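Observations on the three-dimensional arrangement
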Amino acid sequence: IDYQLATDGLWELDAMFEFLVSRTAKGSKGQFFTPRHAIDLAIGMLDPAPDATVCDPACGSGGFLLAAAAAGCARLFGFDLDARATRVARLLLHASRSHGQIHCLDSLRPGVLESAYDGLFDVIATNPPFAGDVREEALLSSYEVSGGKPVERDVLFVERCIKLLKPGGRMAMVL
């Protein structure tokens, strides 16, 4: 059987990762993996140019980045708080022969993501975590939407992603 993981099995490898990480572990962190048809739809609507900078600030195992790579994009950036997920995203991008920068960091913290990438992005495609309110005053003071009060994590991601877009940039976010 002629089967190449780098061209045929990436979605399967990603699905294996999703299966192996328990639902309890994912759900407690608000991590729910995006169905592949939703990823393909989002990337199709965004239609990123090959030279576009594409970012997923909550990349998980890299589904949006893999789809952008398959669409011909070469400048891919992924960020996630979960070290295991970022390792899988790096593996999958490497296996797809795509080049991307994947960093394990909290992309909600202003300045942290910017230290990993100096600039703004043409396209953002993401499915941010939903779990829990953010209550940390130092973090909340960085966001207009919070008004200094606890706010749901995904609400902060909306504001954060808008600020990370270049003028005229485009975004697809699963909420």
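Preceding block: the structure.
Keep in mind it's a predicted model, so treat the numbers as computed, not measured. (Residues numbered from 1 in each chain as written. Predicted model: local features only at pLDDT ≥ 70, side-chain atom pairs only at ≥ 80, totals over all residues. Heavy atoms only, no water.)

1. Some words on the pairing of strand 1 (residues 53–56)
Successive side chains on a regular strand alternate, one facing one side of the sheet and the next facing the other. Here strand 1 shows no split at all, with Thr-53 and Cys-55 on one side and Val-54 and Asp-56 on the other all buried. Handedness of the β-α-β unit built from strand 1, helix 5 (residues 63–70) and strand 2 (residues 75–80) comes out right-handed. (Buried < 20%, exposed > 50% of the residue type's maximum accessible area, 1.4 Å probe, protein only. Helix = DSSP H or I, 4+ residues; strand = E, 2+ residues; numbered from the N terminus. Right-handed = clockwise from strand over helix to strand, strands pointing away.)

2. Observations regarding the pattern of salt bridges
Within this structure, the stated rule accounts for 6 salt bridges. The residue Glu-114 makes a salt bridge to Arg-160 at a minimum N-O spacing of 3.0 Å. Remark: Arg-160 occurs in helix 9 (residues 153–164) and Glu-114 occurs in helix 7 (residues 112–116); sequence separation between them is 46 residues. For Arg-160, a relative accessible area of 5% translates into the label buried. Notably, a salt bridge pairs Asp-133 with Arg-135, separated by 3.7 Å at the nearest N-O pair. A relative accessible area of 58% means that Arg-135 is categorised as exposed. (Salt bridge = Lys/Arg side-chain N within 4 Å of Asp/Glu carboxyl O.)

3. What to know about the nonpolar core
Counting residues in each nonpolar core, the largest one holds 23 residues, and the members touching the most others are Ile-43, Val-54, Leu-65 and Leu-76. Elements with a contribution of two residues or more to this core: helix 4 (36–46), helix 5, helix 6 (83–95) and strand 4 (121–126). The biggest single contributor to this core is helix 5, with 6 residues. Once residues within four sequence positions are removed from consideration, Leu-65 is found in contact with Val-54, Cys-55, Asp-56, Cys-59, Leu-76, Phe-77, Gly-78, Leu-93 and Ile-102. Formed by 21 residues, the second largest nonpolar core is a distinct cluster that contains Leu-108, Leu-113, Tyr-117 and Phe-121. (Core = buried A, V, L, I, M, F, W, Y, C linked by side-chain atoms within 4.5 Å. Contact = heavy atoms within 4.5 Å.)

4. Here's the deal with helix 4
Within helix 4, the full set of buried residues consists of Arg-36, Ile-39, Ala-42, Ile-43 and Leu-46. Along the axis of helix 4, the buried positions cluster into a sector of 125°, meaning they face one direction only. Structural note: helix 4 exposes His-37, Leu-41, Gly-44 and Met-45 on the side pointing more than 90 degrees away from its buried face. The positive-phi residue at the C-terminal boundary of helix 4 is Asp-47, with phi of around 45°. (Arc of directions from axis to C-beta.)

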